[in-house]
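Now for the letters of each chain:
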Amino acid sequence: MTSKYNTWYHPYTPASAYSKRIAYFSMEFGIHQALKIYSGGLGFLAGSHMRSAFEYKQNMIGIGMLWKYGYYDQGRHKDQTLHPQFIEKQYSFLEDSGHEIDVKIFDNATVKVRAMVLKPEIFGTVPIYLLTTDVDGNDDLSRSITNHLYDSTELTRICQSIVLGVGGAKLVEVLGGADVYHLNEGHALPAFYYLRNNGFKKDHMVFTTHTPEKAGNVERNAKVLNDSGFFGRTLTAEELQEETGNRDTLNYTIAALRMAKKTNAVSKLHAKVAKEMWKGQTGAAGIYPITNAQNQKFWQDEGVKKSWIAKNSKTYQKRKLQLKSELFEEVLNQTGKLFDPNILTIVWARRFAAYKRADLLLHDMERFERLLHNTERPIQIIWAGKPYPLDFDAIGVFNRLVHFTKFRHNTAVLTGYEMSLSKKLKTGSDVWLNTPRITREASGTSGMTAAMNGSVNLSINDGWIPEFARNGKNSFVLPEADYKSPVWEQDVLDSKNLYEILENKVLPTYYEKPAKWQEIVFKGIDDVIPAFASQRMTKEYYDTLYT
(Lines give C-alpha, C1' and ligand atoms only; values in the text may rest on other atoms or scores of the structure.)
Protein backbone atom coordinates (compact mmCIF):
# COMPACT_ATOMS: atom_id res chain seq x y z
CA MET A 1 0.00 0.00 0.00
CA THR A 2 1.40 3.41 -1.02
CA SER A 3 1.93 5.85 1.85
CA LYS A 4 -0.10 9.08 1.77
CA TYR A 5 3.18 10.73 2.63
CA ASN A 6 4.89 9.86 -0.65
CA THR A 7 3.73 13.33 -1.71
CA TRP A 8 3.37 16.65 0.16
CA TYR A 9 0.46 15.83 2.47
CA HIS A 10 -1.09 16.94 5.76
CA PRO A 11 -4.13 15.46 7.51
CA TYR A 12 -5.65 18.95 7.57
CA THR A 13 -6.19 21.85 5.21
CA PRO A 14 -3.42 24.32 6.09
CA ALA A 15 -4.64 27.56 7.68
CA SER A 16 -4.74 30.43 5.19
CA ALA A 17 -2.17 32.46 7.16
CA TYR A 18 0.25 29.53 6.95
CA SER A 19 -0.34 28.17 3.47
CA LYS A 20 3.21 28.77 2.18
CA ARG A 21 5.08 25.47 1.94
CA ILE A 22 8.01 25.27 4.35
CA ALA A 23 10.65 22.52 4.50
CA TYR A 24 12.47 22.70 7.85
CA PHE A 25 15.89 20.98 7.96
CA SER A 26 17.41 20.02 11.30
CA MET A 27 20.13 17.55 12.28
CA GLU A 28 18.13 16.61 15.39
CA PHE A 29 14.51 16.65 16.58
CA GLY A 30 13.45 16.22 20.22
CA ILE A 31 9.91 14.93 19.69
CA HIS A 32 9.43 12.23 22.30
CA GLN A 33 11.49 10.24 24.79
CA ALA A 34 11.03 7.12 22.66
CA LEU A 35 12.45 8.67 19.47
CA LYS A 36 16.12 9.11 20.35
CA ILE A 37 17.31 11.30 17.47
CA TYR A 38 18.29 14.36 19.54
CA SER A 39 21.11 15.47 21.81
CA GLY A 40 19.92 18.66 23.50
CA GLY A 41 18.57 22.19 23.12
CA LEU A 42 18.69 22.37 19.31
CA GLY A 43 16.58 19.21 19.11
CA PHE A 44 14.18 20.28 21.89
CA LEU A 45 13.63 23.56 20.05
CA ALA A 46 13.02 21.81 16.70
CA GLY A 47 10.61 19.36 18.33
CA SER A 48 8.55 22.13 19.92
CA HIS A 49 8.49 23.93 16.56
CA MET A 50 7.09 20.84 14.81
CA ARG A 51 4.43 20.36 17.52
CA SER A 52 3.24 23.96 17.39
CA ALA A 53 3.29 23.98 13.58
CA PHE A 54 0.86 21.04 13.74
CA GLU A 55 -1.35 22.78 16.32
CA TYR A 56 -1.51 25.89 14.09
CA LYS A 57 -2.15 23.81 10.94
CA GLN A 58 0.93 25.19 9.22
CA ASN A 59 1.95 23.92 5.79
CA MET A 60 5.32 22.69 7.01
CA ILE A 61 7.31 19.46 6.99
CA GLY A 62 10.46 18.50 8.90
CA ILE A 63 13.53 16.96 7.27
CA GLY A 64 15.88 15.14 9.65
CA MET A 65 18.02 12.06 10.13
CA LEU A 66 17.20 8.60 11.46
CA TRP A 67 20.16 7.89 13.74
CA LYS A 68 20.72 4.15 14.18
CA TYR A 69 22.41 4.54 17.58
CA GLY A 70 20.99 7.95 18.48
CA TYR A 71 23.35 10.34 20.29
CA TYR A 72 24.32 7.89 23.02
CA ASP A 73 22.77 6.20 26.03
CA GLN A 74 24.13 7.63 29.24
CA GLY A 75 25.21 4.84 31.55
CA ARG A 76 27.68 4.54 34.41
CA HIS A 77 30.94 2.75 35.02
CA LYS A 78 31.16 0.64 38.18
CA ASP A 79 32.39 3.72 40.12
CA GLN A 80 29.29 5.68 38.90
CA THR A 81 31.25 7.86 36.47
CA LEU A 82 29.98 8.45 32.94
CA HIS A 83 29.86 5.52 30.51
CA PRO A 84 28.61 6.39 27.00
CA GLN A 85 26.81 3.42 25.44
CA PHE A 86 25.77 2.97 21.81
CA ILE A 87 22.70 0.78 21.46
CA GLU A 88 20.85 0.13 18.20
CA LYS A 89 17.39 1.69 18.02
CA GLN A 90 14.21 0.36 16.35
CA TYR A 91 11.03 2.36 15.68
CA SER A 92 8.05 0.36 14.45
CA PHE A 93 5.88 3.49 14.38
CA LEU A 94 7.81 5.04 11.47
CA GLU A 95 6.37 4.49 7.99
CA ASP A 96 8.32 4.05 4.77
CA SER A 97 7.49 7.03 2.58
CA GLY A 98 8.24 4.95 -0.50
CA HIS A 99 11.07 7.26 -1.53
CA GLU A 100 14.70 6.24 -1.95
CA ILE A 101 17.04 8.98 -3.17
CA ASP A 102 20.49 8.58 -4.74
CA VAL A 103 23.14 10.99 -3.47
CA LYS A 104 26.73 11.37 -4.70
CA ILE A 105 29.29 11.30 -1.89
CA PHE A 106 32.99 11.32 -2.76
CA ASP A 107 33.45 8.70 -5.51
CA ASN A 108 30.18 6.90 -4.84
CA ALA A 109 27.52 8.32 -7.15
CA THR A 110 24.70 6.17 -5.79
CA VAL A 111 24.58 6.30 -2.01
CA LYS A 112 20.98 5.28 -1.31
CA VAL A 113 19.00 7.41 1.14
CA ARG A 114 15.64 6.10 2.30
CA ALA A 115 13.03 8.46 3.76
CA MET A 116 10.96 7.19 6.67
CA VAL A 117 8.12 9.40 7.88
CA LEU A 118 6.87 10.22 11.36
CA LYS A 119 3.17 10.73 10.77
CA PRO A 120 1.33 13.55 12.58
CA GLU A 121 -1.00 11.23 14.49
CA ILE A 122 1.90 9.50 16.29
CA PHE A 123 3.18 12.37 18.46
CA GLY A 124 1.24 15.44 17.27
CA THR A 125 3.74 17.02 14.89
CA VAL A 126 3.74 18.05 11.25
CA PRO A 127 5.09 15.21 9.04
CA ILE A 128 8.79 14.68 9.68
CA TYR A 129 10.86 12.78 7.11
CA LEU A 130 13.86 10.98 8.60
CA LEU A 131 16.67 9.98 6.27
CA THR A 132 18.74 6.81 6.62
CA THR A 133 21.58 5.27 4.62
CA ASP A 134 21.25 1.95 6.48
CA VAL A 135 19.75 0.54 3.29
CA ASP A 136 20.26 -2.70 1.37
CA GLY A 137 22.49 -2.03 -1.63
CA ASN A 138 24.76 0.43 0.19
CA ASP A 139 28.28 -0.65 1.12
CA ASP A 140 29.20 -0.83 4.80
CA LEU A 141 30.81 2.62 4.82
CA SER A 142 27.74 4.24 3.26
CA ARG A 143 25.41 2.40 5.63
CA SER A 144 27.34 3.78 8.60
CA ILE A 145 26.79 7.47 7.69
CA THR A 146 23.58 7.66 9.72
CA ASN A 147 24.86 5.63 12.68
CA HIS A 148 25.73 8.39 15.16
CA LEU A 149 24.36 11.88 15.71
CA TYR A 150 27.38 14.25 15.69
CA ASP A 151 29.82 11.52 14.74
CA SER A 152 33.36 12.21 15.95
CA THR A 153 34.91 11.60 12.50
CA GLU A 154 35.15 14.75 10.38
CA LEU A 155 34.63 12.97 7.04
CA THR A 156 31.53 11.22 8.39
CA ARG A 157 30.14 14.55 9.55
CA ILE A 158 30.63 15.93 6.03
CA CYS A 159 28.80 12.91 4.62
CA GLN A 160 25.97 13.45 7.11
CA SER A 161 25.58 17.05 5.95
CA ILE A 162 25.37 15.90 2.32
CA VAL A 163 22.73 13.28 3.17
CA LEU A 164 20.63 15.78 5.12
CA GLY A 165 21.17 18.69 2.71
CA VAL A 166 21.26 17.16 -0.77
CA GLY A 167 19.23 14.08 0.13
CA GLY A 168 16.68 16.23 1.94
CA ALA A 169 16.41 18.76 -0.90
CA LYS A 170 15.95 15.97 -3.46
CA LEU A 171 13.27 14.42 -1.26
CA VAL A 172 11.37 17.71 -0.99
CA GLU A 173 11.59 17.95 -4.78
CA VAL A 174 9.93 14.53 -5.31
CA LEU A 175 7.32 15.33 -2.64
CA GLY A 176 6.24 18.31 -4.74
CA GLY A 177 8.60 21.11 -3.74
CA ALA A 178 8.58 23.86 -1.12
CA ASP A 179 8.29 27.64 -1.21
CA VAL A 180 10.88 28.10 1.53
CA TYR A 181 13.77 25.89 2.66
CA HIS A 182 14.69 26.63 6.28
CA LEU A 183 18.04 25.46 7.69
CA ASN A 184 17.99 25.15 11.49
CA GLU A 185 21.74 25.80 11.98
CA GLY A 186 24.28 25.08 9.22
CA HIS A 187 24.43 21.28 9.21
CA ALA A 188 22.25 20.96 6.09
CA LEU A 189 24.14 23.65 4.13
CA PRO A 190 24.50 21.43 1.00
CA ALA A 191 20.75 21.94 0.51
CA PHE A 192 21.41 25.59 -0.34
CA TYR A 193 24.07 24.62 -2.89
CA TYR A 194 21.75 22.03 -4.44
CA LEU A 195 18.99 24.63 -4.73
CA ARG A 196 21.33 27.25 -6.17
CA ASN A 197 22.64 24.77 -8.74
CA ASN A 198 19.06 24.13 -9.80
CA GLY A 199 18.15 27.75 -10.36
CA PHE A 200 16.59 28.64 -7.00
CA LYS A 201 17.07 32.22 -5.82
CA LYS A 202 17.60 33.65 -2.34
CA ASP A 203 13.86 34.06 -1.88
CA HIS A 204 13.58 30.33 -1.24
CA MET A 205 16.27 30.08 1.46
CA VAL A 206 16.24 31.12 5.13
CA PHE A 207 18.61 30.29 7.95
CA THR A 208 18.69 30.17 11.76
CA THR A 209 22.01 30.67 13.53
CA HIS A 210 21.92 29.17 17.01
CA THR A 211 25.11 29.83 18.89
CA PRO A 212 28.31 31.86 19.15
CA GLU A 213 30.11 28.63 20.06
CA LYS A 214 32.60 27.24 17.54
CA ALA A 215 30.95 23.80 17.50
CA GLY A 216 27.77 25.33 16.10
CA ASN A 217 29.62 27.33 13.42
CA VAL A 218 31.39 24.52 11.60
CA GLU A 219 34.45 25.09 9.43
CA ARG A 220 35.83 22.42 7.10
CA ASN A 221 38.67 22.19 4.60
CA ALA A 222 37.32 23.55 1.32
CA LYS A 223 39.14 21.10 -0.96
CA VAL A 224 37.86 18.13 1.03
CA LEU A 225 34.33 19.55 0.79
CA ASN A 226 34.76 19.98 -2.96
CA ASP A 227 35.93 16.37 -3.34
CA SER A 228 33.06 15.09 -1.21
CA GLY A 229 30.19 16.44 -3.32
CA PHE A 230 29.25 19.00 -0.67
CA PHE A 231 28.65 21.71 -3.29
CA GLY A 232 26.49 19.49 -5.51
CA ARG A 233 29.08 19.69 -8.29
CA THR A 234 32.85 20.03 -8.50
CA LEU A 235 33.83 23.69 -8.28
CA THR A 236 36.79 25.07 -10.23
CA ALA A 237 39.72 26.47 -8.25
CA GLU A 238 38.48 29.99 -8.94
CA GLU A 239 34.91 29.16 -7.88
CA LEU A 240 36.20 27.54 -4.69
CA GLN A 241 38.25 30.63 -3.84
CA GLU A 242 35.22 32.82 -4.41
CA GLU A 243 33.09 30.55 -2.22
CA THR A 244 35.53 30.64 0.70
CA GLY A 245 36.75 34.22 0.31
CA ASN A 246 40.23 33.01 -0.62
CA ARG A 247 40.53 30.93 2.55
CA ASP A 248 41.45 27.27 2.95
CA THR A 249 38.28 26.53 4.88
CA LEU A 250 34.56 27.09 4.40
CA ASN A 251 32.61 28.42 7.36
CA TYR A 252 29.09 26.98 7.15
CA THR A 253 27.50 29.94 8.96
CA ILE A 254 29.14 32.55 6.72
CA ALA A 255 28.09 30.60 3.61
CA ALA A 256 24.51 30.28 4.84
CA LEU A 257 24.34 33.98 5.76
CA ARG A 258 25.43 34.86 2.23
CA MET A 259 22.93 32.59 0.47
CA ALA A 260 19.86 33.08 2.65
CA LYS A 261 17.20 35.67 1.99
CA LYS A 262 16.78 36.15 5.74
CA THR A 263 18.61 34.93 8.83
CA ASN A 264 17.46 34.91 12.42
CA ALA A 265 19.19 34.65 15.76
CA VAL A 266 17.48 32.94 18.71
CA SER A 267 17.17 35.83 21.17
CA LYS A 268 17.42 39.61 21.09
CA LEU A 269 20.80 39.54 22.81
CA HIS A 270 22.02 36.80 20.48
CA ALA A 271 21.07 38.91 17.45
CA LYS A 272 23.38 41.68 18.73
CA VAL A 273 26.18 39.20 19.46
CA ALA A 274 25.75 37.50 16.06
CA LYS A 275 25.77 40.78 14.14
CA GLU A 276 28.99 41.78 15.85
CA MET A 277 30.48 38.30 15.46
CA TRP A 278 29.85 38.17 11.70
CA LYS A 279 30.33 41.88 11.05
CA GLY A 280 31.49 42.52 7.49
CA GLN A 281 30.07 39.25 6.19
CA THR A 282 27.28 39.39 3.61
CA GLY A 283 23.92 39.00 5.34
CA ALA A 284 25.23 39.71 8.85
CA ALA A 285 23.69 43.18 9.18
CA GLY A 286 20.14 41.91 8.75
CA ILE A 287 19.99 39.16 11.38
CA TYR A 288 16.50 39.18 12.91
CA PRO A 289 15.84 38.16 16.52
CA ILE A 290 13.23 35.39 16.87
CA THR A 291 13.60 34.20 20.43
CA ASN A 292 13.41 30.46 20.97
CA ALA A 293 10.38 29.00 22.71
CA GLN A 294 8.96 25.68 23.87
CA ASN A 295 5.65 23.90 23.42
CA GLN A 296 3.41 24.57 26.41
CA LYS A 297 1.01 21.69 25.74
CA PHE A 298 3.83 19.13 25.81
CA TRP A 299 5.98 20.55 28.62
CA GLN A 300 3.60 22.09 31.17
CA ASP A 301 2.10 19.81 33.82
CA GLU A 302 -1.69 19.89 33.71
CA GLY A 303 -2.06 20.17 37.49
CA VAL A 304 0.36 23.09 37.64
CA LYS A 305 -1.50 24.73 34.77
CA LYS A 306 -4.90 24.44 36.48
CA SER A 307 -3.55 25.80 39.77
CA TRP A 308 -1.87 28.70 37.99
CA ILE A 309 -5.00 29.64 36.03
CA ALA A 310 -7.04 29.60 39.26
CA LYS A 311 -4.15 31.27 41.17
CA ASN A 312 -4.78 28.64 43.85
CA SER A 313 -1.63 28.31 45.93
CA LYS A 314 -2.94 25.35 47.98
CA THR A 315 -3.64 23.14 44.96
CA TYR A 316 -0.35 24.26 43.41
CA GLN A 317 1.65 23.32 46.50
CA LYS A 318 -0.09 19.96 46.75
CA ARG A 319 0.71 19.19 43.09
CA LYS A 320 4.29 20.43 43.47
CA LEU A 321 4.87 18.06 46.38
CA GLN A 322 3.59 15.18 44.22
CA LEU A 323 5.88 16.16 41.34
CA LYS A 324 8.87 16.49 43.66
CA SER A 325 8.13 13.05 45.08
CA GLU A 326 8.05 11.58 41.57
CA LEU A 327 11.42 13.15 40.78
CA PHE A 328 12.84 11.94 44.07
CA GLU A 329 11.85 8.37 43.23
CA GLU A 330 14.29 8.68 40.33
CA VAL A 331 16.94 10.12 42.67
CA LEU A 332 16.41 7.20 45.05
CA ASN A 333 16.53 4.66 42.22
CA GLN A 334 19.78 6.01 40.80
CA THR A 335 21.65 7.09 43.93
CA GLY A 336 20.03 5.42 46.93
CA LYS A 337 19.34 8.84 48.49
CA LEU A 338 16.05 9.84 50.10
CA PHE A 339 15.30 13.45 49.20
CA ASP A 340 12.65 15.38 51.15
CA PRO A 341 9.83 17.08 49.14
CA ASN A 342 9.60 19.83 51.79
CA ILE A 343 13.17 20.99 51.20
CA LEU A 344 14.12 23.61 48.60
CA THR A 345 15.45 21.70 45.59
CA ILE A 346 17.82 23.26 43.05
CA VAL A 347 18.38 21.65 39.65
CA TRP A 348 21.17 22.32 37.16
CA ALA A 349 20.33 20.30 34.03
CA ARG A 350 21.40 20.87 30.42
CA ARG A 351 24.18 19.89 28.04
CA PHE A 352 27.52 19.72 29.82
CA ALA A 353 29.92 22.19 28.20
CA ALA A 354 32.73 24.22 29.71
CA TYR A 355 31.07 27.62 29.25
CA LYS A 356 27.89 26.43 31.02
CA ARG A 357 29.86 25.94 34.28
CA ALA A 358 27.99 23.05 35.90
CA ASP A 359 30.44 23.19 38.80
CA LEU A 360 30.21 26.94 39.54
CA LEU A 361 28.73 26.21 42.98
CA LEU A 362 31.93 24.34 43.87
CA HIS A 363 34.14 27.38 43.28
CA ASP A 364 34.39 28.29 46.99
CA MET A 365 34.10 24.94 48.75
CA GLU A 366 34.03 26.35 52.27
CA ARG A 367 31.09 28.61 51.48
CA PHE A 368 29.30 25.91 49.51
CA GLU A 369 29.67 23.42 52.35
CA ARG A 370 28.03 25.93 54.71
CA LEU A 371 25.06 26.09 52.36
CA LEU A 372 24.83 22.31 52.18
CA HIS A 373 24.97 21.90 55.97
CA ASN A 374 22.54 24.68 56.92
CA THR A 375 19.83 22.89 58.94
CA GLU A 376 17.64 25.99 59.34
CA ARG A 377 17.39 26.58 55.58
CA PRO A 378 18.26 23.20 54.04
CA ILE A 379 18.80 22.65 50.33
CA GLN A 380 18.96 19.72 47.94
CA ILE A 381 20.81 19.91 44.61
CA ILE A 382 20.53 17.75 41.52
CA TRP A 383 22.78 17.87 38.44
CA ALA A 384 21.98 16.17 35.15
CA GLY A 385 23.06 16.48 31.53
CA LYS A 386 24.96 14.87 28.70
CA PRO A 387 28.48 15.88 27.76
CA TYR A 388 29.54 15.18 24.19
CA PRO A 389 30.94 11.62 24.46
CA LEU A 390 34.45 12.72 23.41
CA ASP A 391 34.49 16.08 25.26
CA PHE A 392 36.81 14.89 27.98
CA ASP A 393 36.87 18.26 29.78
CA ALA A 394 33.08 18.23 30.12
CA ILE A 395 33.14 14.55 31.11
CA GLY A 396 35.74 15.48 33.72
CA VAL A 397 33.35 18.04 35.22
CA PHE A 398 30.53 15.49 35.20
CA ASN A 399 32.70 12.90 36.95
CA ARG A 400 33.97 15.45 39.47
CA LEU A 401 30.36 16.15 40.42
CA VAL A 402 29.67 12.41 40.68
CA HIS A 403 32.54 12.01 43.16
CA PHE A 404 31.57 15.17 45.05
CA THR A 405 27.94 14.11 45.50
CA LYS A 406 28.54 10.43 46.20
CA PHE A 407 28.74 10.69 50.00
CA ARG A 408 26.66 13.82 50.55
CA HIS A 409 23.04 12.99 51.38
CA ASN A 410 21.51 16.11 49.79
CA THR A 411 23.28 16.18 46.42
CA ALA A 412 22.91 13.92 43.38
CA VAL A 413 24.01 13.52 39.78
CA LEU A 414 21.49 11.76 37.53
CA THR A 415 22.16 10.00 34.24
CA GLY A 416 19.79 9.43 31.33
CA TYR A 417 19.22 13.13 30.64
CA GLU A 418 16.69 12.84 27.85
CA MET A 419 13.18 14.21 27.40
CA SER A 420 11.50 12.14 30.11
CA LEU A 421 14.03 12.98 32.83
CA SER A 422 14.16 16.58 31.63
CA LYS A 423 10.42 16.89 32.22
CA LYS A 424 10.68 15.36 35.70
CA LEU A 425 13.46 17.76 36.64
CA LYS A 426 11.52 20.79 35.43
CA THR A 427 8.28 19.84 37.16
CA GLY A 428 9.98 18.59 40.34
CA SER A 429 12.44 21.41 41.05
CA ASP A 430 11.90 24.62 43.02
CA VAL A 431 14.84 26.50 41.46
CA TRP A 432 16.29 26.17 37.95
CA LEU A 433 19.96 27.14 38.02
CA ASN A 434 21.59 28.57 34.87
CA THR A 435 25.26 29.55 35.01
CA PRO A 436 26.78 30.18 31.54
CA ARG A 437 29.51 32.73 30.96
CA ILE A 438 27.69 35.82 29.78
CA THR A 439 27.16 36.29 26.00
CA ARG A 440 27.95 32.60 25.40
CA GLU A 441 24.37 31.27 25.77
CA ALA A 442 22.51 32.26 22.61
CA SER A 443 19.11 31.43 24.06
CA GLY A 444 18.88 28.54 26.52
CA THR A 445 15.36 27.13 26.49
CA SER A 446 15.37 24.80 29.51
CA GLY A 447 14.55 27.67 31.85
CA MET A 448 11.40 28.42 29.84
CA THR A 449 9.84 25.00 30.45
CA ALA A 450 11.04 25.07 34.06
CA ALA A 451 9.23 28.38 34.59
CA MET A 452 6.08 26.93 32.99
CA ASN A 453 6.10 24.40 35.82
CA GLY A 454 6.76 26.80 38.69
CA SER A 455 10.52 26.31 38.95
CA VAL A 456 12.01 29.73 39.64
CA ASN A 457 14.92 30.72 37.40
CA LEU A 458 18.17 31.61 39.16
CA SER A 459 20.31 32.74 36.28
CA ILE A 460 23.11 34.66 34.66
CA ASN A 461 21.56 37.50 32.61
CA ASP A 462 22.20 35.87 29.23
CA GLY A 463 20.30 34.40 26.29
CA TRP A 464 16.52 34.71 26.65
CA ILE A 465 16.72 35.82 30.32
CA PRO A 466 17.02 39.62 29.66
CA GLU A 467 13.71 39.45 27.77
CA PHE A 468 11.96 37.63 30.63
CA ALA A 469 13.51 38.29 33.99
CA ARG A 470 12.37 40.79 36.58
CA ASN A 471 14.78 40.23 39.42
CA GLY A 472 13.00 39.33 42.65
CA LYS A 473 9.59 39.38 40.97
CA ASN A 474 9.54 36.41 38.57
CA SER A 475 13.13 35.11 38.96
CA PHE A 476 16.52 35.84 40.52
CA VAL A 477 19.28 37.24 38.31
CA LEU A 478 22.99 37.57 39.02
CA PRO A 479 24.69 40.94 38.42
CA GLU A 480 26.49 40.98 35.09
CA ALA A 481 30.19 40.23 34.97
CA ASP A 482 32.34 41.93 32.33
CA TYR A 483 32.38 39.37 29.53
CA LYS A 484 35.70 40.79 28.29
CA SER A 485 37.44 40.09 31.60
CA PRO A 486 39.50 36.90 32.12
CA VAL A 487 37.29 33.85 32.62
CA TRP A 488 38.73 33.15 36.09
CA GLU A 489 37.70 36.67 37.18
CA GLN A 490 34.19 36.04 35.85
CA ASP A 491 34.04 32.74 37.73
CA VAL A 492 35.11 34.35 41.01
CA LEU A 493 32.58 37.18 40.69
CA ASP A 494 29.70 35.01 39.48
CA SER A 495 30.22 32.35 42.16
CA LYS A 496 30.37 35.04 44.88
CA ASN A 497 27.14 36.60 43.62
CA LEU A 498 25.51 33.17 43.35
CA TYR A 499 26.26 32.33 47.00
CA GLU A 500 25.01 35.74 48.14
CA ILE A 501 21.74 35.47 46.23
CA LEU A 502 21.14 31.97 47.58
CA GLU A 503 21.97 32.99 51.16
CA ASN A 504 20.22 36.36 51.23
CA LYS A 505 17.40 36.12 48.68
CA VAL A 506 16.38 32.63 47.55
CA LEU A 507 16.54 30.65 50.81
CA PRO A 508 15.03 33.37 53.08
CA THR A 509 12.16 33.94 50.66
CA TYR A 510 11.37 30.23 50.26
CA TYR A 511 11.42 29.42 53.99
CA GLU A 512 10.35 32.66 55.66
CA LYS A 513 8.09 34.32 53.07
CA PRO A 514 6.15 31.46 51.43
CA ALA A 515 3.44 33.81 50.15
CA LYS A 516 6.10 35.91 48.41
CA TRP A 517 7.68 32.77 46.96
CA GLN A 518 4.32 31.67 45.59
CA GLU A 519 3.85 35.12 44.06
CA ILE A 520 7.22 34.77 42.27
CA VAL A 521 6.26 31.28 41.05
CA PHE A 522 2.95 32.41 39.55
CA LYS A 523 4.50 35.57 38.12
CA GLY A 524 7.11 33.42 36.40
CA ILE A 525 4.39 31.37 34.72
CA ASP A 526 2.46 34.56 33.84
CA ASP A 527 5.49 36.03 32.10
CA VAL A 528 6.77 32.90 30.34
CA ILE A 529 3.38 32.22 28.71
CA PRO A 530 2.64 33.12 25.98
CA ALA A 531 5.82 35.12 25.27
CA PHE A 532 8.08 32.07 25.38
CA ALA A 533 5.63 29.39 24.25
CA SER A 534 6.31 28.06 20.77
CA GLN A 535 2.91 29.08 19.43
CA ARG A 536 4.30 32.62 19.43
CA MET A 537 7.55 31.49 17.85
CA THR A 538 6.02 29.48 14.99
CA LYS A 539 3.77 32.41 14.08
CA GLU A 540 6.76 34.76 14.18
CA TYR A 541 8.73 32.56 11.80
CA TYR A 542 5.97 32.79 9.20
CA ASP A 543 5.48 36.52 9.73
CA THR A 544 9.17 37.49 9.85
CA LEU A 545 11.33 34.87 8.16
CA TYR A 546 9.13 33.22 5.55
CA THR A 547 7.35 36.24 4.07
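The text that follows walks through the structure, step by step, so that each part is easy to find. (Residues numbered from 1 in each chain as written. Predicted model: local features only at pLDDT ≥ 70, side-chain atom pairs only at ≥ 80, totals over all residues. Heavy atoms only, no water.)

Things to note about the pattern of salt bridges
Link 1 in the chain: One pass over the structure, following the stated rule, counts 34 salt bridges.
Link 2 in the chain: Salt-bridge contacts for R357 lead to D494; the nearest nitrogen and oxygen are separated by 2.7 Å. Of the two residues, R357 is situated in the loop between β14 (344–349) and α13 (365–372) and D494 in helix α18 (residues 487–512); the sequence distance between them amounts to 137 residues.
Link 3 in the chain: Residue R357 is classed as buried on the basis of its relative accessible area of 4%.
Link 4 in the chain: Its salt-bridge partner being K386, residue E418 comes within 3.1 Å of it at the nearest N-O pair. (Salt bridge = Lys/Arg side-chain N within 4 Å of Asp/Glu carboxyl O. Helix = DSSP H or I, 4+ residues; strand = E, 2+ residues; numbered from the N terminus. Buried < 20%, exposed > 50% of the residue type's maximum accessible area, 1.4 Å probe, protein only.)

Describing the packing of helix α12 (residues 313–335) against helix α19 (residues 514–528)
Link 1 in the chain: Axis separation between α12 and α19 bottoms out at 11 Å; the angle between their running directions is 85°. Taken as axis vectors, α12 and α19 run roughly perpendicular relative to one another. Between α12 and α19, the contacting residues are S313, Y316 and Q317 on the first element and Q518, V521 and F522 on the second.
Link 2 in the chain: A class-by-class count of the residues in the contact of α12 with α19 yields three nonpolar, three polar and no charged. (Axes fitted to C-alpha atoms, helices over the stretch in contact; angles between N-to-C directions. Parallel < 35°, antiparallel > 145°, perpendicular 65-115°, else oblique. Contact = heavy atoms within 4.5 Å. Nonpolar A, V, L, I, M, F, W, Y, C, P; charged D, E, K, R; others polar.)

A word on the packing of helix α11 (residues 302–310) against α12
Link 1 in the chain: With their axes 9 Å apart at the nearest point, α11 and α12 run at an angle of 165° to one another. In terms of their interaxial angle, α11 and α12 are classed as roughly antiparallel. For the pair α11 and α12, the crossing hand works out as left-handed. The residues of α12 that touch α11, namely those facing G303, V304 and S307, are T315, Y316, R319 and L323.
Link 2 in the chain: In terms of residue class, the contact of α11 with α12 is made up of three nonpolar, three polar and one charged. (Left-handed = near helix turned anticlockwise from the far one by under 90°.)

Here we look at helix α20 (residues 534–546)
Link 1 in the chain: If you look at α20, its biggest bend is around 25°, right at E540.
Link 2 in the chain: All buried positions along α20 are accounted for by S534, M537, T538, Y541, Y542, L545 and Y546.
Link 3 in the chain: Residues of α20 that are buried make contact with β1 (22–25), α1 (41–55), β2 (60–65), β8 (180–184), β9 (205–208) and β12 (262–265). (Bend = angle between axes of the 7 residues up to and from the residue.)

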